[in-house]
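Here's the letter readout for the chains.
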Amino acid sequence: FVPLQEKKVKIYSCGPTVYDSAHVGNFRAFLTYDVVKRALLYFGYDVDHICNLTDIDDKIIKRCNEEQRSLKDLTNEFAEKFMQDLHALNIIPAREYPRATDHIEEMVQMILDLEKSGLAYKAEAEDSWYFNVEKKDGYGQQLVKLDVDAMRKTSTAGAQRGALDADEYDADKVGARDFALWKAFKPDFDRDDAVWDTRLGKGRPGWHLECSAMAKKYLGETIDIHCGGVDLKFPHHENEIAQSEGANNVKFCNCWIHNGFVNIGDEKMSKSKGNFLTLRGACPKAVDVRAYRYLVVSSQYRNPLSFTDAAMKASKNALKRMDKVMSKLEEIMSNEGDSNDKMESPLYSEVEKHIQNFELALLDDLSMPRAAASLFGVVKVAERELKKEENLDVTGLALVKRAIEQMDKVFGIFYEVPMSAEENEIEKSDVGVPDDVMKLVKARADAKEKKEWDLADDLRTRITELGFAVKDVKGGTP
């Protein structure tokens with residue numbers, strides 16, 4: 001991978017359609033983008049990341065009508081929930097989260113540019129605008145190697161295409177494969193707050209167009225990396241390529257990253273199947289949220305990921321083991337101090353080897369299972385040393401702690417999960433922490449005073465399982 005500018009990477013990622021809460025399958029994509037970004041930052045790159053929010057489409061209009069709400073009211077609610085979930089998952093924010101409705105003029109201009117290139121036309125019978133696929137050389141060949149000859153204007157082909165992009169293939173247009181750039185106002189469906197009077201006429205943009213227009217505005221005509229789910233390869237990403245390269249006459253994107261699905265049972269998790277789980281529905285406690293993050297970021301991003309009780313349990317157990325080690329290391333460092341004489345420790349070469357393997361894993365198509373193995377290799381070094389009754393290698397343990405923290409710049413798993421909006425409301429109305437929880441807190445403080453670390457860690461886990469977090473304050477009371 002060689003970026004357009006030295007040590008600077010421009011990333012565009014497809015964001016959510018904000019008509020409902022995003023589900024844990026969606027968040028695999030956003031966590032994948034986060035790992036990509038963190039890995040680039042780890043190796044010293046400056047990352048400029050843009051993630052769009054789709055706040056106008058058929059599903060949004062349908063829900064607004066059903067709930068008798070304004071477009072802004074509905075989309076603002078779910079955009080805010082999305083941002084809260086990103087924060088809960090410790091995802092580094094993008095520079096901007098541009099909304100489609102704020103970029104109508106940019107989309108109109110791109111359609112006019114495509115018309116000049118002979119790639120966009122107006123369907124006179126309905127006043128909508130379409131992309132002429134037949135006139136775009138190489139359409140559908142960059143990501144999916146589409147068999148264009150097999151796509152005929154028959155009822156069977158139309159049904160197949162409709163399954164991929166349902167609202168694009170039911171109109172009067174020149175070619176069966178042509179897709180909508182601008183949808184003319186339809187009085188029996190559209191709403192006044194979801195259409196715009198423009199140089200193209202009254203209407204609203206097609207779904208594919210917004211990403212091309214916003215990527216160009218915020219990142220330029222050519223970008224380094226474009227991320228999205230594997231289901232977006234066709235038609236969405238191939239249509240983005242066709243639009244952007246057709247309007248700008250330069251290559252659109254140099255590197256595409258597509259993550260695999262999250263499955264429940266043998267099926268992809270999706271809202272259309274009704275088998276989806278929201279983040280807070282699937283992960284009601286802070287430890288669950290962290291466990292889901294670790295489950296995703298330690299997987300191979302290209303492969304499908306099964307969301308099961310067993311997988312989440314294994315992820316929580318891994319976190320519990322790592323938290324226990326980190327807790328002990330922090331306690332030892334606070335009592336004994338840190339040392340910079342790393343070469344004096346016999347653990348130095350072992351820890352360095354795990355760091356080297358970790359970095360090689362990142363460079364090998366983000367092989368995060370191998371990176372996780374390196375992380376646990378360092379954890380095992382700590383566990384082995386901590387078993388000693390006396391003469392601990394404090395310098396070596398300091399090296400271990402720094403190595404774990406270094407790897408966590410990519411994993412992002414050691415953090416305090418913020419409370420959800422619902423938890424904040426409960427806290428505001430709560431009179432205090434229950435007595436049984438306070439007893440556990442006191443027992444843990446006593447265990448720490450006696451240096452009974454295993455007991456202290458078990459008590460912390462019990463407190464967390466009850467829905468509370470305990471934070472140690474140096475020189476203070478937890």
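The text that follows walks through the structure, step by step, so that each part is easy to find. (Residues numbered from 1 in each chain as written. Predicted model: local features only at pLDDT ≥ 70, side-chain atom pairs only at ≥ 80, totals over all residues. Heavy atoms only, no water.)

Turning our attention to the overall build of the chain. Looking only at helices and strands, the chain has 16 helices and 12 strands in total. Residues classed as buried in the chain amount to 52% of the 478 residues present. Taking all contacts inside the chain whose residues are at least 6 apart in sequence as the whole, residues at least 24 apart take part in 77%. In the form shown here, the chain has an accessible surface area of approximately 22,800 Å², with 49% of it arising from carbon and sulfur atoms. (Helix = DSSP H or I, 4+ residues; strand = E, 2+ residues; numbered from the N terminus. Buried < 20%, exposed > 50% of the residue type's maximum accessible area, 1.4 Å probe, protein only. Contact = heavy atoms within 4.5 Å. Areas by Shrake-Rupley, 256 points an atom, 1.4 Å probe, with all protein chains shown as cover.)

With that settled, consider the sheet that holds strand 8 (residues 223-229). Strand order in the open sheet formed by four strands is 2-1-8-9, and the pairing between neighbours is parallel. With one partner strand each, in any of the chains shown, strand 2 (46-51) and strand 9 (253-259) form the two edges of the open sheet. Mean inter-strand twist for the sheet, computed between neighbouring axes without regard to direction, equals 20°. With six bridges connecting them, strand 1 (residues 8-13) and strand 2 associate as parallel partners. Across the sheet, the residue bridging to Tyr12 is Ile50, located in strand 2. Sitting on the sheet, helix 6 (residues 207-219) touches strand 1, strand 2 and strand 8, and the angle it makes with strand 1 is about 155°. Against the sheet, helix 7 (residues 233-248) engages strand 8 and strand 9, with an angle of about 160° to strand 8. (Pairing = 2+ DSSP bridges. Axes fitted to C-alpha atoms, helices over the stretch in contact; angles between N-to-C directions.)

The full count for this structure, using the stated rule, is 12 aromatic pairs. On the numbers, 5.6 Å between centres and 75° between planes, the contact of Tyr42 with Phe358 is edge-to-face. Here Tyr42 is found in helix 1 (residues 24-42), whereas its partner Phe358 is found in helix 11 (residues 348-363), with 316 residues between them in sequence. Across this residue pair, the class does not change: Tyr42 and Phe358 are buried. A connected cluster of aromatic rings, assembled from ring pairs, spans Tyr42, Phe43, Tyr294, Phe358 and Phe411. Positioned above the aromatic ring of Tyr45 is the side chain of Lys7, whose terminal nitrogen or guanidinium carbon lies 4.2 Å from the ring centre. The residue whose ring lies beneath Lys202 is Phe185, and the NZ or CZ to ring-centre distance is 4.4 Å. (Phe/Tyr/Trp six-rings, centres within 6.5 Å; stacked < 30°, edge-to-face > 60°. Lys NZ or Arg CZ within 6 Å of the ring centre and 35° of its normal.)

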